[in-house]
Amino acid sequence: MKQSILIIAMFFLIVQSGKAQTNDLRERVIFGAKAGLNYSNVYDSQGEEFYANSKIGLAAGIFLAIPISKFIGLQPEVLLSQKGYSSSGSFLGSPYNHTRTTSYIDLPLFITLKPGEFITLLAGPQVSYLFHQKDVFSNGSISYEQEKEIENTNFRKNTFGFVAGADININHLVIGARAGWDIQKNNGDGTSTNPNYKNVWYQATIGYRFYK
């Protein structure tokens, strides 16, 4: 009787071990989608009486995990990402508030380190394409909005940056955290009357990995 129980227990452990091994996806190509939030601000700003505060925006997109080995890989992503800032100051003796939301297509290319099946460390360059900007101004009792497609050369439409972070992998679910910053300023030809700055942001997302 005891031998039968021992055999059943060993069989159960072997089955569970096999299942655990099949869940280790570090050597498989995996496609996924994710969505979350950016917490963004700007740094290295240039502008008289310009004070920037952080703001929240949306982030969503797709990713592809490509293994080079069990422990190293590549992960390109395509994201729709809202960044920007809020600011306050004084103009002609009157206080004002200003919120800018910039919409980008972010294209990071991560080098991934996979020390375990449940965690992935990522770092790499990113190219961001600016395609839309919305500004909300308020000055006392006056408030107005301005939206524009980015077409002129006063803005840098293609910006180079760097991103690093980590993913926690739980079966199909992936929880991601990122920190990113622009290396180039926002002004294109140097003649923009807007404050010159670089974006910096923190990103948190939840995604789904597609695999059988």
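This structure is a prediction, so every number in the text was calculated from the model and none was measured.

Counted under the stated rule, the structure contains four aromatic pairs. Ring geometry for F162 against W181: centres 5.7 Å apart, planes inclined by 45°, an arrangement best described as tilted. On the criterion of sequence distance, the pair formed by F162 in strand β8 (residues 158-170) and W181 in strand β9 (residues 173-182) is long-range, its members being 19 residues apart. Look at W181 and you get partly exposed, because its relative accessible area is 34%.

It is worth spelling out the confidence of the model for the protein chain at this point. Segments scoring low in pLDDT should not have their predicted coordinates read at a detailed level. For the protein chain, mean pLDDT is 83; residues scoring 70 or higher make up 76% of the total. Contacts for the low-pLDDT stretch residues 10-21, under 50 throughout, to residues beyond four places or in other chains number one contact.

Of the pockets and cavities examined, the second largest pocket occupies roughly 290 Å³. L25, I30, T120, N169 and R209 are the residues nearest the centre of the second largest pocket, which is lined by 24 residues in total. Elements supplying a minimum of two residues to the lining of the second largest pocket: β3 (55-67), β4 (72-91), β5 (94-116) and β8. Residue contributions to the lining of the second largest pocket peak at four residues, all from β3.

Let us look at empty space enclosed by the protein. A full pass over the atoms with the stated rule returns two cavities of 30 Å³ or more. The computed volume of the largest cavity comes to approximately 50 Å³. Lining of the largest cavity is provided by K34, F63, Q75, E77, D167, V174, I175, G176, R178, T205, I206 and G207. Every element with two or more residues in the lining of the largest cavity is listed here: β4, β9 and β10 (196-210). Looking at the lining of the largest cavity element by element, the count peaks at four residues for β9. Grouping the constituent residues of the lining of the largest cavity by class yields four nonpolar, four polar and four charged. Of the pockets and cavities examined, the second largest cavity occupies roughly 40 Å³. Forming the walls of the second largest cavity are E77, L79, P108, F110, Q126, V163, R178, W201 and Q203. Those elements giving two or more residues to the lining of the second largest cavity turn out to be β4, β5 and β10.

Counted under the stated rule, the structure contains seven salt bridges. Residue D24 pairs with K70 through a salt bridge whose shortest N-O separation is 4.0 Å. Of the two residues, D24 sits in the loop between α1 (2-22) and β1 (30-46) while K70 sits in the loop between β3 and β4, which places them 46 residues apart along the sequence. Given a relative accessible area of 31%, K70 falls into the partly exposed group. A salt bridge links K34 to E77; its shortest N-O distance comes to 3.0 Å. Taken as a pair, K34 in strand β1 and E77 in strand β4 lie far apart in primary sequence, 43 residues in all. E77 shares its class with K34; the two are buried. Through salt bridges with shared partners, one network takes in K34, E77, D167 and R178.

What counts as what
Residues numbered from 1 in each chain as written. Predicted model: local features only at pLDDT ≥ 70, side-chain atom pairs only at ≥ 80, totals over all residues. Heavy atoms only, no water. Phe/Tyr/Trp six-rings, centres within 6.5 Å; stacked < 30°, edge-to-face > 60°. Helix = DSSP H or I, 4+ residues; strand = E, 2+ residues; numbered from the N terminus. Buried < 20%, exposed > 50% of the residue type's maximum accessible area, 1.4 Å probe, protein only. pLDDT = per-residue confidence, 0-100. Contact = heavy atoms within 4.5 Å. 1 Å grid on protein atoms, 1.4 Å probe; cavity = no way out; pocket = protein on both sides within 12 Å on 5 of 7 lines; lining within 4 Å. Points joined across faces, edges and corners; volume = space filled by probe spheres on them. Nonpolar A, V, L, I, M, F, W, Y, C, P; charged D, E, K, R; others polar. Salt bridge = Lys/Arg side-chain N within 4 Å of Asp/Glu carboxyl O.

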